[in-house]
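Architecture at a glance
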Amino acid sequence: MALQSLDIKARSATTTPSPNVRIEGAGPVAKLIDISKCIGCKACQVACMEWNDLRDEVGTNVGVYDNPRDLTDQSWTVMRFSEVEVEQGRLEWLIRKDGCMHCADPGCLKACPSPGAIVQYSNGIVDFHEENCIGCGYCITGCPFNIPRISKKDNKAYKCTLCSDRVGVGLEPACVKTCPTGAIVFGSKVDMIHHAEGRITDLKERGYSNAALYDPKGVGGTHVMYVLQHGDKPELYANLPKDPNISPLVSLWKGVTKPLMSLGLGLAVFAGFFHYVTAGPKEVEEEEKTD
Amino acid sequence: MSKPIQRYTARERSNHWIVAIAFVLAGLSGLALFHPAFFFLTNLFGGGPWTRILHPFIGVVMFLFFMAMAARFWRLNHFTAADRQWMARIGDVIRNRDRGLPEIGKYNAGQKYLFWTMVVSIPLLLLSGIVVWQPWFAPYFPIWLLRIAVVVHALAAWIMILGIIVHVYAAIWVKGSVRAMTRGTVSEAWAKHHHRAWYREMTGK
Ligand code: HEM
Ligand code: SF4
Ligand code: SF4
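Read on for a plain summary of the structure. (Residues numbered from 1 in each chain as written. Chains lettered and ligands numbered in written order. Predicted model: local features only at pLDDT ≥ 70, side-chain atom pairs only at ≥ 80, totals over all residues. Heavy atoms only, no water.)

Some thoughts on the overall build of chain B
Our working definition: Every helix listed is a DSSP run of H or I at least four residues long, and every strand listed is a run of E at least two residues long, numbered separately from the N terminus. Working rule for contacts: check all heavy atoms of both residues, and any pair within 4.5 Å makes them a contact.
Of regular secondary structure, chain B possesses nine helices and two strands. Scanning chain B from its N terminus toward the C terminus, one meets helices and strands in the order β-α-α-α-α-α-α-α-β-α-α. Taking the principal axes of its C-alpha atoms as reference, chain B extends roughly 60 × 30 × 30 Å. Contacts in chain B between residues far apart in sequence, at least 24 positions, make up 67% of those at least 6 positions apart.

In structure tokens:
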């Protein structure tokens, strides 16, 4: 348990209750990213590196602003730049801060086979506890947003922690603290939804009639939410999924099937044992031995 | 006491036991990650990360030796009319009412079904296992394929483990079978009772 002061709501590969004796705290938290306010300065990327002591390899310029190109074990958040012509002749530069969405129903946690490698605090933060991680990559299979990355250095999975270590002591995440335009805000989920409503009203007044909050229900809502100018087309934002959910294949793999299959194996062994003590062994009859 | 009949050569027995040992190790290390109830099995392999590391290598060893064994026994596992008649009376076989069963060759229909189940499942385990193998291969495959592969792998493994439970039990149940794989021979009476067509072939009687 990395943060003894936080209650745990769910723990990977655990069938007994998780430690949660404390009285209800402040309730779920959320980070709200207002894409309409983001200028793509990447200060949040730097703040993340700094607070979490991460240093990605210096890459090469591949002709786009995305740098690094993708999330890695060292880059838990990256800005994704999309140049889109939403209407003819009206170019828009949509910049989405990508990273873990901290799903209320996290596919990573559902898929993880190692007890306590992934925990979900009662404040909604989904955290990887690398000391329990076995490096199997099941979290990658389970995540609907393609977030976890396995380090080549230690074969452990890493991703955004929503600065659980800061939030646990009453600070806001490092990216929030550093954002110069106030595009990233943090607080209780209720407050963030309220704040988003104000922003959406404002955007609508300014002609973005489809402005909306991205808090996808398919994963039970998320603790990282976006304000999208084009809420009807989340795919415009570097393929943000319109209706993300845990893949039915993952649910099949991790749902009731496995307890039933395990029971099946146990029953097969019992059936054999009881067959032996009822029908008995198959012995070759005496008379055949002599003829 | 009549002369025992040779059923398996030393090479065949070694091949079988390598497959068997590798299968048990692959099965236990795989089950460890299959459901939390089995996670304690990781202790047998030196903890979670070691279990994850070792499992696929054990699986590959099992695959290679299984294919060698399958090639040896391939021809003997084709179904015959006698097998179908035998299978129609499986209820009697299970109740140890063996009188009047058709004469069958070296393998009975049950053994043949297991053989073909393994011939299908083990390559599936290999292919799906490679797709999810961290850190060597999984990063090269798209996530939708990983999702299919984990389901295929878990399902094929489950079918195999069930099949092997039946296989091991059959060896315990049918007295005189285990020595075929430990010492290579079976008694004449055993051969005559369980595999009479094979017995005739071996002895000319
Ligand atoms: C043929 C070669 C095989 C390969 C390459 C392979 C590879 C893998 C890999 C990469 C995993 C994910 C965990 C890990 O990284 O260790 C896995 C899981 C597993 N394997 Fe295999 N394996 C093979 C054969 C087998 C066999 C023979 C069995 C058992 C009968 C088996 C049963 C399992 C099970 C039960 C799991 C856990 C599945 C789950 O979590 O749903 N595997 N295997
Ligand atoms: S890689 Fe680590 S965190 Fe991801 S599923 Fe496996 S054990 Fe869990
Ligand atoms: S976005 Fe992916 S890694 Fe983050 S909580 Fe959801 S499922 Fe887990």
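Resuming the write-up.
Some points on the sheet that holds strand β9 (residues 184-188) of chain A
Backbone hydrogen bonds hold the strands of a sheet together, and the pairing may be parallel or antiparallel. All names here are of chain A. To keep it simple, the criterion reads: For two strands to be treated as a pair, DSSP must find no fewer than two bridges joining them. To get an axis, fit a line to the C-alpha atoms, keeping to the stretch in contact for a helix; angles then go from 0 to 180 degrees between the N-to-C directions.
What the four strands build is an open sheet, ordered β9-β2-β11-β10; its pairing is mixed. With partners counted over all chains shown, the strands left at the sheet margins are β9 and β10 (212-214), one partner each. Across the sheet, the mean angle from the axis of one strand to that of its neighbour is 25°, orientation sign disregarded. Sheet strands in contact with helix α6 (residues 189-205) are β2 (29-34), β9, β10 and β11 (224-228), and its direction is about 140° off that of β9.

Quick look at the sheet that holds strand β6 (residues 126-128) of chain A
Residues and elements named next belong to chain A. Ordered in space as β1-β5-β6, the three strands form an open sheet in which the pairing is antiparallel. The sheet is open, and its two edges are formed by β1 (8-11) and β6, each paired on a single side. Sheet twist, expressed as the mean angle between neighbouring strand axes with direction ignored, is 25°. Examined bridge by bridge, β1 and strand β5 (residues 118-121) share three bridges and lie antiparallel to one another. Looking at the pairing, I8 lines up with Y121 of β5.

Here's the deal with the side chain of T185(B)
All names here are of chain B. For clarity, the cut-off: Residues adjacent in sequence count toward polar contacts only when both atoms are side-chain atoms; beyond that, a polar contact is any pair of N or O atoms within 3.5 Å, and within protein one must be able to donate a hydrogen and the other to accept it.
Along the chain, T185 turns up in strand β2 (residues 185-186). One polar contact links T185 to R179, side chain to side chain, over a distance of 2.9 Å. In contact with T185, other than residues within four places in its own chain, are P4, I5, Q6, R7, R179 and A180.

Considering the interface of chain A and chain B
The condition is simple: The quantity reported as buried area is the accessible area (1.4 Å probe) lost by two parts once they are put together, taken as the sum for both. By definition, a salt bridge exists where a carboxyl oxygen of Asp or Glu is found within 4 Å of a side-chain nitrogen of Lys or Arg. Amino acids are sorted into nonpolar (Ala, Val, Leu, Ile, Met, Phe, Trp, Tyr, Cys and Pro), charged (Asp, Glu, Lys and Arg) and polar (every other residue, Gly among them).
Opposite the 49 residues of chain A that make contact, chain B presents 41 residues. Each partner contributes to the roughly 3,900 Å² buried at the junction of chain A and chain B, and carbon and sulfur atoms together form 66% of this total. There are one salt bridge connecting chain A and chain B. Where chain A meets chain B, there are 19 residue pairs in polar contact (both at pLDDT 80 or more). Counting only elements with at least two residues in the side of chain A that touches chain B, the list comes to α3 (138-142), α7 (248-254), α8 (257-278) and α9 (286-290) of chain A. Of all the elements, α8(A) adds the most residues to the side of chain A that touches chain B, at 11 residues. For the side of chain A that touches chain B, the class distribution of residues is 24 nonpolar, 15 polar and 10 charged.

Note that all results are geometric; they support no functional claim without further evidence.
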